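Each chain, letter by letter, is given below.
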Amino acid sequence: MTSPAPSRLPLGAAPGRAGLFPALPLWSRSESSGPNEGDGGSAAQRPSPHPRLHGSGEAGAPAPPGPGLLRACPAPPPADGGQAGGTGGMLLQLSVEFDLQSDVVPWLLAQSPAAALDTFEKSAATPYIVNVERNGKIIYTWKGSGSTYIGLYDPLNKENEHLYTFEKDLHIISCSINNEKTLLAVSFLQSTKEERVNQLLQPVSKCLTLLIEIHPVNNVRVLKAVDTSIRVQFLYPAANRNPFPESHLLLISEDNYIEQFHIHVVTEDHHKVVVQNSGQLPRDRVAEDLIWAQWDMTEQRLFYIVPKESRNILKCVQFYPDENFNLILEASLDISLRDIRLKFVNFGYDYSQDQEMEPRSPNLQVFTSKTGSFCLCCSQAPDIPKEVTYSVSFLHKGYSKTFTVALQRTDYPQVKEVAFLNLDYYVAVYLPGHFLHLLNTQHPDLMCYNLFLTGEDARISMLHKSSIQSPFKSAVWDCCSGRMFTVRINECSLMQFLWNSKLDSDRLAALHCALLHVRKTTDLEMQIIQWISENLSACSTFDPLQEFIIASLYWAMCPETSKLDKLLPYTSLLYWNGIIPGVTCITDIISLPELKVQNCKGFWEKLNLNLECAKYAEPHLHYNNNVLRREWYKLLSEEKAEERRTTKYLKNIFENAKKVLSNLAAWNLEERLVPLFQEEDYQQRLLIGLMVAQLKDHLMRHLQYVGKMKIDQIVLEYVSKLLDLICRIMEAVWRKYSLQSCVLCLDERGSAAECAAFHIMSRILEAANGMCMPLPPGFHTLHMRLGVRCLPLHTLLHYIDNGVLQLTETCAIKLLKDLDNTEKNEKLKFSIFSRLPEAIGHKVSQLWNHPVNSNFIARNAVKILLDKLRNRQHNRPVVDRLSVHVEFLPLNYLVDMLAEVEAQGLNPFEEEDNVNAKFVEETALKHTMMLLGL
């Protein structure tokens, strides 16, 4: 009597350790396994120094398969007709991390090269990747000589391992290895439809799922023997956790359920690892009635969709290192999935799926990021041949965007579907030969933050046209070519795109994308500043200086503290009315997900924070400078009216400013190229101190769990970085125009370089005024000095009158010292002094020894006198007060009044220097004689 077929066995039962099932294919380690394993070629013939049989525990390696088992298949032609060697000027840059042809094939050929070459072309089998594990190890399979082989590649050590051999030609659809590399789970199809027709009398199941002990190769368990496909996936512990004695295996069935098996292993004979359970393996039902599932191998999460009444529900199960799992999230979806065909995402790759000619179901993928972003991407089969429609539901924001793109190229072959790639801060939507769309997941509200590229900019040459998966963040698995890539944004191509862009939406999106990467290199920041200096007038819908400063501060500060990204401004724009040519977008409000577990950590904590902000109108949480502007203007008006606040209030404000300037000085110990921070600037110090005080109050209202000292440090760093950014812009301009050695004397005309620097400083001032941002002390003086050198007098005065140039005490004193009293210079001085604020004019006027200035002092003294005597009554004696009369009656009257005041003991000029009635009389007489030409 023969042994029973595997379909008759109890699921999970273990056969004898030496026994084999007749209906199952024979399995073995390899032809040369044994005590003296290792006749697999000399070390010089192997690309890997220690290829070995898994579980042997020895450095020697067996020959994996025999000769002639592999056909070296050429790499597929690059997509879009590009070259496979690089990306050129394309935005997304791919780097090959694994390639079957270069990382596996040479190792196989090195085992027996002479025999392999003889039968190399005879084999029709091609290796392909089956799965990628959480630790980055890649499981692949190949066929030859009637056998099927499974191998493992370690990208860290660049080593290959032969895991297992089936002595039969099988179609492996799923495979996974546990973290300790002691257990291997394999799911395969036993025969094709035609073979099953010829085997009607044999009760053989279509799909068989096995659990194999491979340390060393020993027992085999049948986990499933069914007529539907099964996917397998081992769970992996946290990276810093020691290996645990129990492994956990997910089985994902096309019968619409997912189970978890718990496998306890023990060590025998000091090295042999075997499964302890002799009977049924304990298991849990994780999910059922699902129509779609996706595995997040990095975070060990399971996403799946179940239909419920009129809506579909997206659910998420989180698996933990302590062997527990929880249903942690549910979200109601508005996406129609009536025609969906059961699909598994990131559960390995089955090449037969790409050969099916049935209509494909909607392409669904979930992407998350470390910032708490949670996106569901969906693309449907196009109803119109020349249009592509896809949607991205920003579940962490509570709305979705549906994009319809009109395809420009009609000569390009039709592709199956768009590909979605996870780039962490961006979701990439890629349609080869047509477009590349980068959607900002953290700030998806405005279209101008999304990069939409066509033509050469959108091409990804090394990527195949279909069967693309994104198993990790910033990783791409090209299933057809058997290659793994890391993908990143090419900074050089991004800057080139920024320089060549003609639309403000493209410029703004590229600018923000570049600023995201500034943290990695300071050279990129200098390139952005150079672009800004050349394109200040090119952008009509936004101010590039404002966007640069605000976004730079945002990315510099937000990674340090949770929730800070909700409280600091990201942009100066409140709305955007522009469009992207050829793209229509419809925004819909959707239901927010519901978290089932409270007090979560990591991603779920940040997602919960995003959901709370979405409920309570996130834009209102951002710091706003309108209150700062009103308070600043109020304090300046009080200063002008001599109605100062309490000394303690102003003292705290100026103490804040002092801390910021001291902190900034500590960052830059070398002397700055630009002559800033060389004077006391009351207005700017007042604004700096006010900004510190108000930003501190704003953060303390919303960051109650953060200590006061931490908030003080955040605010200090923020305002210091703001001033430092402006200084770096100025220094870049100074270097560009070689102004380091310029003295900037006011008695000379400015060069073309100085005029360009003056124009940029004017735009910096405009940007700062628009956002009520402080400027480095000394900025206005330097700006004024360049204005005097570069502008004609009437334009200079026009700029002063309209607030473009602001007069400072330092600049006025410099004007006195550098300019002599020629007629032209006197005209300039008179025009400037007549526009000086009263407080500054009073101080500066004492330094100019000129008749006109004396006249000004006398007039001012008389004005003060008359103001003080306005409400006083005096009895005028009949006798004349002057011993000598002049024949100019107004002067007689004025001198008579001043003499009367002096006689009564009043001293109206006690606050004036060197001013008395005699001085006023002499000054007025000289001025009168000048006017009369005497």
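Reading the values: rules and limits
Residues numbered from 1 in each chain as written. Predicted model: local features only at pLDDT ≥ 70, side-chain atom pairs only at ≥ 80, totals over all residues. Heavy atoms only, no water. Helix = DSSP H or I, 4+ residues; strand = E, 2+ residues; numbered from the N terminus. Buried < 20%, exposed > 50% of the residue type's maximum accessible area, 1.4 Å probe, protein only. Areas by Shrake-Rupley, 256 points an atom, 1.4 Å probe, with all protein chains shown as cover. Axes fitted to C-alpha atoms, helices over the stretch in contact; angles between N-to-C directions. Parallel < 35°, antiparallel > 145°, perpendicular 65-115°, else oblique. Contact = heavy atoms within 4.5 Å. Nonpolar A, V, L, I, M, F, W, Y, C, P; charged D, E, K, R; others polar. Left-handed = near helix turned anticlockwise from the far one by under 90°. 1 Å grid on protein atoms, 1.4 Å probe; cavity = no way out; pocket = protein on both sides within 12 Å on 5 of 7 lines; lining within 4 Å. Points joined across faces, edges and corners; volume = space filled by probe spheres on them. Pairing = 2+ DSSP bridges. pLDDT = per-residue confidence, 0-100. Core = buried A, V, L, I, M, F, W, Y, C linked by side-chain atoms within 4.5 Å. Salt bridge = Lys/Arg side-chain N within 4 Å of Asp/Glu carboxyl O.

## Here's the deal with the overall build of the protein
Move 1: If you tally the helices and strands in the protein, you get 22 helices and 34 strands.
Move 2: Counting all 934 residues of the protein, 55% fall into the buried class.
Move 3: Within the structure as shown, the protein displays about 43,200 Å² of accessible surface, and the carbon and sulfur contribution to it stands at 51%.

## Concerning the packing of helix α6 (residues 522–534) against helix α13 (residues 708–736)
Move 1: Interhelical geometry of α6 versus α13 gives an angle of 70° and a closest axis separation of 10 Å. By the criterion of interaxial angle, the relationship of α6 to α13 is roughly perpendicular. The segment α6 lies against α13, with Glu 525, Met 526, Ile 529, Ser 533 and Glu 534 engaging Leu 725, Arg 728, Ile 729, Ala 732 and Lys 736.
Move 2: Across the contact of α6 with α13, the residue classes tally to five nonpolar, one polar and four charged.

## What to know about the environment of Asn 769
Move 1: The topology assignment puts Asn 769 in helix α14 (residues 752–771).
Move 2: Its relative accessible area of 36% is what places Asn 769 among the partly exposed residues.
Move 3: When the C-alpha atoms of Asn 769 and Arg 629 are compared, they prove to be 9.3 Å apart, with 140 residues separating the residues in sequence.

## Overview of the packing of α14 against helix α15 (residues 779–790)
Move 1: At their nearest, the axes of α14 and α15 sit 9 Å apart, and the two run at 140° to each other. In terms of orientation, α14 lies oblique with respect to α15. Relative to α15, the crossing made by α14 is left-handed. Counting all contacts with α14, which are made through Glu 754, Cys 755, Ala 757, Phe 758, Met 761, Ser 762, Ile 764 and Leu 765, the residues of α15 involved are Phe 779, His 780, Leu 782, His 783, Leu 786, Gly 787, Arg 789 and Cys 790.
Move 2: Partitioned by chemical class, the residues of the contact of α14 with α15 number ten nonpolar, four polar and two charged.

## Overview of empty space enclosed by the protein
Move 1: Here the structure, examined in full by the defined rule, presents five cavities of 30 Å³ or more.
Move 2: Of the voids in this model, the largest cavity is the one considered here, and its volume is about 140 Å³.
Move 3: Along the walls of the largest cavity sit 14 residues, with Gln 294, Asp 296, Val 366, Asn 422 and Pro 471 positioned nearest its centre.
Move 4: Of all the secondary-structure elements, those providing two or more residues to the lining of the largest cavity are β17 (292–296) and β22 (363–368).
Move 5: Here the lining of the largest cavity is composed, by residue class, of six nonpolar, six polar and two charged.

## Structural notes on the pairing of β22
Along any regular strand, the residues point their side chains to alternate faces of the sheet.
Move 1: Burial runs high along β22: six of the six residues are buried.
Move 2: Side chains Asn 363, Gln 365 and Phe 367 project from β22 onto one buried face, and the interleaved Leu 364, Val 366 and Thr 368 project onto a second face that is buried too.
Move 3: Judged from the six bridges that link them, β22 and strand β23 (residues 374–379) form a sheet pairing that is antiparallel. Residue pairing across strands places Leu 364 opposite Cys 378, the latter belonging to β23.
Move 4: The hairpin turn running from β22 into β23, its antiparallel successor, is five residues long, and Gly 372 in that turn takes a positive phi close to 95°.

## A word on the sheet that holds strand β25 (residues 399–406)
Move 1: Pairing in this open sheet of five strands is antiparallel, and the strands run β22-β23-β24-β25-β33 from one edge to the other. Strands at the two margins of the open sheet, each flanked by one partner only, are β22 and β33 (583–589). Across the sheet, the mean angle separating the axes of adjacent strands is 20° when strand polarity is ignored.
Move 2: Inspection of the sheet shows β23 paired to strand β24 (residues 387–394) by five bridges, in the antiparallel sense.

## Remarks on the pairing of strand β31 (residues 475–478)
Move 1: Neither face of β31 is left uncovered, since the one carrying Ala 475 and Trp 477 and the one carrying Val 476 and Asp 478 both have all their residues buried.
Move 2: As consecutive antiparallel partners, strand β30 (residues 468–469) and β31 are separated by five residues, and within that stretch Ser 474 has a phi angle of approximately 60°, a positive value.
Move 3: Pairing of β31 with strand β32 (residues 483–489), which is carried by four bridges, proceeds in the antiparallel orientation. Paired with Trp 477 across the strands is Met 484, a residue of β32.
Move 4: The antiparallel hairpin formed by β31 and β32 contains four residues in its connecting segment, where Gly 482 sits at a positive phi of about 70°.

## Section: the sheet that holds strand β26 (residues 419–422)
Whether parallel or antiparallel, the strands of a sheet pair through hydrogen bonds between backbone atoms.
Move 1: An order of β26-β27-β28-β29 is seen for the four strands of this open sheet, with the pairing classed as antiparallel. Of all the strands in the sheet, the pair left with one neighbour each is β26 and β29 (451–454). In this sheet, adjacent strand axes meet at a mean angle of 15° when their direction is disregarded.
Move 2: Note: β26 against strand β27 (residues 426–431), four bridges, orientation antiparallel. Across the sheet, Ala 419 pairs through a bridge with Tyr 430, a residue of β27.
Move 3: Contacts from helix α5 (residues 504–516) reach β27 and β29, with the element oriented near 110° to β29.

## So, the confidence of the model for the protein
Move 1: For the protein, the average pLDDT comes to 78, and 72% of its residues sit at 70 or higher.
Move 2: Model confidence for the protein, summarised as mean pLDDT per element, is weakest for strand β2 (residues 52–53) at 34 and strongest for strand β12 (residues 230–234) at 95.
Move 3: Segment residues 875–884 is flagged for pLDDT under 50; beyond a separation of four residues in sequence, or across chains, it makes nine contacts in the model.

## Some remarks on unusual backbone geometry
Move 1: Following His 215, the chain continues to Pro 216 via a peptide bond in cis, the omega torsion being -5°.
Move 2: Inspection of the secondary structure assignment puts Pro 216 in the loop between β10 (207–214) and β11 (217–226).
Move 3: A positive phi angle, close to 50°, is found at Cys 772, a residue other than glycine.
Move 4: Tracing the sequence through the fold places Cys 772 in the loop between α14 and α15.

## Thoughts on the nonpolar core
Move 1: Counting residues in each nonpolar core, the largest one holds 143 residues, and the members touching the most others are Leu 451, Ile 528 and Trp 734.
Move 2: No other element matches α13, which puts 16 residues into this core.
Move 3: Not counting residues within four places of it along the chain, the set of residues in contact with Trp 734 comprises Leu 673, Val 674, Pro 675, Leu 739, Gln 740, Ala 757, Met 761, Leu 782 and Leu 786.
Move 4: Of all hydrophobic cores here, the second largest spans 79 residues; its members include Cys 175, Ala 185, Ile 212 and Phe 344.

## Focus on the pattern of salt bridges
Move 1: Per the counting criterion, the structure on display carries 29 salt bridges.
Move 2: A salt bridge links Glu 594 to Lys 596; the nearest nitrogen and oxygen atoms lie 3.6 Å apart.
Move 3: Judged by its relative accessible area of 44%, Glu 594 is partly exposed.
Move 4: Lys 596 gets classed as partly exposed once you look at its relative accessible area, which sits at 37%.
Move 5: Residues Lys 615 and Glu 612 are paired through a salt bridge, measuring 3.7 Å at the closest nitrogen-oxygen approach. Taken as a pair, Lys 615 and Glu 612 lie in helix α9 (residues 603–615) at a separation of three residues, close to a single helical turn.
Move 6: The class of Glu 612 is partly exposed, set by a relative accessible area of 29%.
Move 7: Ionic contacts of the salt-bridge type, sharing partners, join the residues Lys 224, Glu 259, Arg 283, Arg 285 and Glu 288 into one network.

## Thoughts on the side chain of Ser 400
Move 1: Tracing the backbone shows Ser 400 in strand β25.
Move 2: Ser 400 gets classed as buried once you look at its relative accessible area, which sits at 7%.
Move 3: Other than its neighbours up to four places away in sequence, Ser 400 contacts Val 392, Ser 393, Phe 394, Ile 586, Thr 587, Asp 588 and Ile 590.

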